[in-house]
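Summary of structural features
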Amino acid sequence: MLSIDPASLSERENYKFLTGSIIPRPIAFVTTLSKDGILNGAPFSYFNIVSSNPPMVSLSIQRTEGQPKDTARNILESKEFVIHIVDEQNVEKINQTAASLPADESEIELAQLTPIESVKISVPGVKEAKIRMECSLEHSLELGGLDSPGCDLIIGRIVQFHIENDIYEKGRIDPRGLAAVSRLAGTNYAKIGELFSIKRPK
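Throughout what follows, the structure given in this document is the object of discussion.

Rules and cut-offs
Residues numbered from 1 in each chain as written. Predicted model: local features only at pLDDT ≥ 70, side-chain atom pairs only at ≥ 80, totals over all residues. Heavy atoms only, no water. Pairing = 2+ DSSP bridges. Helix = DSSP H or I, 4+ residues; strand = E, 2+ residues; numbered from the N terminus. Axes fitted to C-alpha atoms, helices over the stretch in contact; angles between N-to-C directions. Buried < 20%, exposed > 50% of the residue type's maximum accessible area, 1.4 Å probe, protein only. Lys, Arg positive; Asp, Glu negative; His and termini not counted. Salt bridge = Lys/Arg side-chain N within 4 Å of Asp/Glu carboxyl O. Polar contact = N/O pair within 3.5 Å; in protein donor to acceptor, adjacent residues only side chain to side chain. Contact = heavy atoms within 4.5 Å.

**A look at the sheet that holds strand 2 (residues 28-33)**
On the basis of which strands lie adjacent, the open sheet formed by seven strands has the order 3-2-6-9-10-5-4 and antiparallel pairing. Because the sheet does not close on itself, it has two edges, and the strands there are strand 3 (39-44) and strand 4 (47-52). Sheet twist, expressed as the average angle between the axes of neighbouring strands with direction ignored, equals 35°. Of the strand pairs in this sheet, strand 5 (residues 55-62) and strand 10 (residues 151-163) are connected by seven bridges, and their pairing is antiparallel. Each residue of the ladder has a partner; that of Ile-61, found in strand 10, is Asp-152.

**Quick look at the side chain of Lys-130**
One can find Lys-130 in the loop between strand 8 (125-126) and strand 9 (131-143). For Lys-130, which is buried and forms no salt bridge, the nearest opposite charge comes from Asp-87, at a distance of 4.6 Å. At 2.8 Å, the side chain of Lys-130 forms a polar contact with the side chain of Gln-89.

**Some thoughts on helix 2 (residues 70-78)**
Of the residues making up helix 2, those classed as buried are Asp-70, Thr-71, Ala-72, Asn-74 and Ile-75. Looking at the packing, one finds that the buried side of helix 2 touches strand 2, strand 3, strand 5, strand 6 (80-85), strand 9 and strand 10.

**Focus on unusual backbone geometry**
Omega for the bond connecting Ile-23 with Pro-24 falls within 30 degrees of zero, at -10°, which places this linkage in the cis form. Turning to its location among the elements, Pro-24 is positioned in the loop between helix 1 (11-21) and strand 1 (25-26). The backbone phi angle of Glu-65 is positive, close to 50°, even though this residue is not glycine. Tracing the backbone through its elements, the reader meets Glu-65 in the loop between strand 5 and helix 2. Positioned with a positive phi, Ala-179 is a non-glycine residue whose angle comes to about 50°. Residue placement: Ala-179 occurs in the loop between helix 5 (175-178) and strand 13 (182-183).

**Quick word on the side chain of Ser-182**
Of note, Ser-182 is situated in strand 13. The class of Ser-182 is buried, set by a relative accessible area of 12%. If near-sequence neighbours (up to four positions away) are discounted, Ser-182 is found in contact with Pro-24, Arg-25, Ile-27, Tyr-189 and Ala-190.

This is the structure we're talking about:
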């Protein structure tokens with residue numbers, strides 16, 4: 001077995017090792033509003049649950065040459081954002097939003113997604129997602145980097161859930177109905193495959 005010191009690798013080599021090893025990763029499609037009122041949207045796979053009491057999620061947004069991305073900057077300024085679960089039906093459109101656009105252009109318009117008003121925050125979501133979560137900023141941390149931070153770690157508190165009726169029954173979500181997709185490495189994604197159950201020990 002190989003044994004590798006990450007300090008001996010470049011940032012890109014560490015990235016490839018991590019994204020090829022930690023799979024599958026859930027994908028959050030995040031909408032934010034700029035201070036000029038531009039609706040921004042971008043997908044992130046450094047995303048997961050933090051807590052259910054209260055419901056909180058984490059989002060790690062990598063910086064470019066030490067500069068925060070539009071999503072991170074908008075969240076830090078407005079303290080609000082919407083997370084959507086990426087699924088088989090919307091993944092093609094969501095992928096289009098990964099394009100590098102100027103801050104004054106909307107990825108939502110580029111991908112022809114449909115904005116929909118939120119209930120408790122000012123940031124709209126998009127109609128094409130089966131699940132979306134309105135979030136308020138709970139914590140933010142600048143992490144990593146040698147000369148300047150390498151990422152912005154965002155912890156969001158969910159203040160409102162939205163879910164398609166057909167996939168929610170008796171408090172549970174139908175994984176097949178949700179048909180969430182996950183991120184692998186490179187340009188690869190995965191669908192929900194074979195399901196199996198294992199009883200947890202008492």
